[in-house]
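Spelled out from the first residue to the last, the chains are:
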Amino acid sequence: MAQFKPFEMDGIPVESEYMNWEEVIQEPYDKMDVDPYTRTRVILMNGIETNSVLTSHAVERMADNPEIKKQMAEIRRADSQQQQTVDWLNPPDQTILETTLGYEQVAVDLTANLAQHEPDSYVKSTLDFALLEDFDHLYRYGCLMQILNSEDPEQITKGKTDIKPGRPTSMEHRHPDDSMRNHYDKDEAELKTKMNYITITSGEQQTELFYKSHGNMCSDDLARRLYSEIAEIEEQHVTQYGLLGDPNETMLEKVAMIQLNEAYNYCSAALTEPNRRIRRLWEHFAQMEITHFNMCADLIKKHEGRNIEDIMQADSIRPMITFEPNKKYVDKVLEEQIDLMPYNMEFVHLADLPDNWPSFQYEKKVNSDRIPSEEVVKGLDGGLAEKENVEIYQNFRRQMNERIQSSNAK
Ligand SMILES: [Fe+2]
Ligand SMILES: [Fe+2]
Ligand SMILES: [Fe+2]
């Protein structure tokens with residue numbers, strides 16, 4: 001089985017990593033014949049780089065040490081260029097909505113892949129929980145595409161990922177208190193868990209940033225409102241995932257793990273990338289990340305007196321992250337977990353929630369007028385709209401509404 005062995009890889013000196021403008025901006029993929037999972041890799045790697053840059057900026061503002069600041073700036077410049085190279089692979093004729101379907105395809109098939117290989121059961125539950133929500137977003141945006149352009153969203157997903165309801169978006173809105181999660185223990189957690197944590201947090205953060213920076217650009221009023229509604233769920237996802245990380249990790253430890261995770265993700269992407277030109281890019285960028293990781297490891301050695309090997313407690317990571325269809329897995333999670341809700345840092349069935357669960361009242365408040373994620377289905381005649389007429393969704397909706405009613409009465 002392929003695995004990631006960072007200590008056996010060669011890096012590239014950081015001064016040699018900086019690119020000229022021609023190298024930064026390369027030819028985009030062709031949206032008509034791109035492999036849908038090439039698009040998802042581009043979207044994910046952009047999110048991974050953005051998180052690396054944003055976290056490094058946070059360190060620069062909090063670390064009172066000139067050497068650390070300088071090295072962070074050197075690594076950050078390379079990551080920033082990489083981010084642009086990757087994000088500019090998206091072609092200009094790909095609409096915001098088409099790109100959005102790609103984002104939710106990432107969310108579904110990435111989350112499902114990570115969940116199936118996650119060694120920590122609590123982290124796995126958290127992934128499964130949000131999986132059903134992003135799965136529903138794919139459906140709502142798919143409905144929007146049909147309403148706006150009479151186009152089939154499958155032209156983006158190419159049948160690799162089902163487009164049907166998950167946990168209905170309108171019922172994903174929760175009081176902020178219900179986004180609290182436990183964190184893993186940095187000394188106990190497996191390296192794979194730490195990598196999954198950084199990968200999914202980066203991906204969800206990128207999704208939030210994309211919806212919040214593009215939703216207002218849509219000319220259609222329902223589209224503008226749908227982006228706003230779903231962006232808030234992504235904010236919830238970033239919150240719950242961000243909380244999984246151990247706050248007792250030092251700043252340098254966090255950036256070292258982020259750089260390691262960049263390398264792990266690029267190596268994973270290269271392994272299954274059918275586009276030769278893009279595969280070479282993934283391979284090249286993986287080498288750059290190894291240097292960033294080694295620079296962080298040196299800083300930890302110098303300023304904290306610790307060896308990176310002792311922090312990692314492993315010299316390899318497996319399996320690699322793979323984009324592939326997960327239809328059966330998603331169906332199983334849907335069947336078993338559609339009515340799971342977060343309560344007291346755990347996931348419990350709807351029937352086991354107390355009437356004073358804060359999210360009942362919160363949901364009543366935000367859904368008290370028009371609900372974009374519902375309108376987008378009602379606006380359709382047949383087609384995707386039919387997919388909601390199935391017992392599992394109808395039962396869940398009825399139970400949820402009953403609970404909101406009875407929480408009012410008390
Ligand atoms: Fe990078
Ligand atoms: Fe999400
Ligand atoms: Fe990096």
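Before reading on, note that the structure itself is shown above.
Computed from a predicted model, the values in this text were never measured in an experiment.

One pass over the structure, following the stated rule, counts 15 aromatic pairs. One aromatic cluster in this structure is built from Y103, Y141, F210, Y211 and Y227.

So, on to the pairing of strand β1 (residues 340-343). Judged from the 4 bridges that link them, β1 and strand β2 (residues 346-349) form a sheet pairing that is antiparallel. Bridging from a neighbouring strand, P342 pairs with F347 of β2. Connecting β1 to the antiparallel partner β2 that follows it, the hairpin turn spans 2 residues, and N344 within it adopts a positive phi of roughly 55°.

Distances from the iron ion (ligand 1) to its protein donors, E49 (OE), E49 (OE), D79 (OD), Q82 (OE1), E262 (OE) and E289 (OE), fall at 1.9 to 2.3 Å. Written as a sequence motif, the donor residues of the iron ion (ligand 1) are E-x29-D-x2-Q-x179-E-x26-E. Here the iron ion (ligand 3) and the iron ion (ligand 1) are spaced 3.1 Å from one another, each receiving a donor from D79. Separated by 180 residues along the polypeptide, Q82 in helix α4 (residues 66-87) and E262 in helix α10 (residues 251-272) bring together distant segments of the chain. Owing to a relative accessible area of 0%, Q82 belongs among the buried residues under this scheme.

On to the side chain of Q94, then. Inspection of the secondary structure puts Q94 in the loop between α4 and α5 (96-116). A polar contact is formed between the side chain of Q94 and the side chain of Y29, at a distance of 3.0 Å. Those residues in contact with Q94 that sit more than four places away from it in its chain are Y29, K31, R39 and T99.

The next thing to look at is the pattern of salt bridges. Using the criterion set out here, one finds 26 salt bridges in the structure. Salt-bridge contacts for D136 lead to R140; the nearest nitrogen and oxygen are separated by 2.7 Å. Within this pair, D136 and its partner R140 are both found in helix α6 (residues 121-149), separated by 4 residues, close to a single helical turn. Each member of the pair, D136 as well as R140, carries the same accessibility label: buried. Where E388 meets R140, a salt bridge forms, and the shortest distance between an N and an O atom there is 3.0 Å. Taken together, the residues span a long stretch of sequence, with E388 in the loop between α15 (372-378) and α16 (391-409) and R140 in helix α6 at a distance of 248 residues. No difference in accessibility class separates E388 from R140, as the two residues are buried.

With respect to the helices, strands and loops of the structure, E335 is situated in helix α13 (residues 327-337). Classification of E335 as exposed rests on a relative accessible area of 62%. Sequence separation between E335 and K212 is 123 residues, and the spatial gap between their C-alpha atoms is 31 Å.

On to a negative patch on the surface. Where like charges cluster on the molecular surface, the negative patch consists of E8, E309, D310 and D315. Among the secondary structure elements, D310 is positioned in helix α12 (residues 308-312). Of the residues examined, D310 reaches a relative accessible area of 54% and is grouped as exposed.

The next subject is the coordination of the iron ion (ligand 2). At 2.0 to 2.5 Å from the iron ion (ligand 2) lie its protein donor atoms, namely D134 (OD), D134 (OD), E204 (OE), E234 (OE) and H237 (ND1). Between consecutive donors of the iron ion (ligand 2), the numbers of intervening residues give the motif D-x69-E-x29-E-x2-H. Placement of the pair is E234 and H237 together in helix α9 (residues 221-242), with a separation of 3 residues, close to one helical turn.

Attention now moves to the nonpolar core. Among the nonpolar cores identified, the biggest contains 115 residues, and Y141, M257, W282, I308 and M400 are the most heavily contacted of them. Aside from chain neighbours lying at most four places away, what touches Y141 is L97, T100, L101, E104, Y211, L226, Y227 and I230.

Thresholds applied
- Residues numbered from 1 in each chain as written.
- Chains lettered and ligands numbered in written order.
- Predicted model: local features only at pLDDT ≥ 70, side-chain atom pairs only at ≥ 80, totals over all residues.
- Heavy atoms only, no water.
- Phe/Tyr/Trp six-rings, centres within 6.5 Å; stacked < 30°, edge-to-face > 60°.
- Pairing = 2+ DSSP bridges.
- Helix = DSSP H or I, 4+ residues; strand = E, 2+ residues; numbered from the N terminus.
- Donors = N, O, S within 2.8 Å, 3.2 Å for Na, K, Ca; no water.
- Buried < 20%, exposed > 50% of the residue type's maximum accessible area, 1.4 Å probe, protein only.
- Polar contact = N/O pair within 3.5 Å; in protein donor to acceptor, adjacent residues only side chain to side chain.
- Contact = heavy atoms within 4.5 Å.
- Salt bridge = Lys/Arg side-chain N within 4 Å of Asp/Glu carboxyl O.
- Patch = residues over 30% accessible without salt bridge, like charges linked within 9 Å, V, L, I, M, F, W, Y side chains within 5 Å.
- Areas by Shrake-Rupley, 256 points an atom, 1.4 Å probe, with all protein chains shown as cover.
- Lys, Arg positive; Asp, Glu negative; His and termini not counted.
- Charge placed at Lys NZ, Arg CZ, Asp CG, Glu CD.
- Core = buried A, V, L, I, M, F, W, Y, C linked by side-chain atoms within 4.5 Å.

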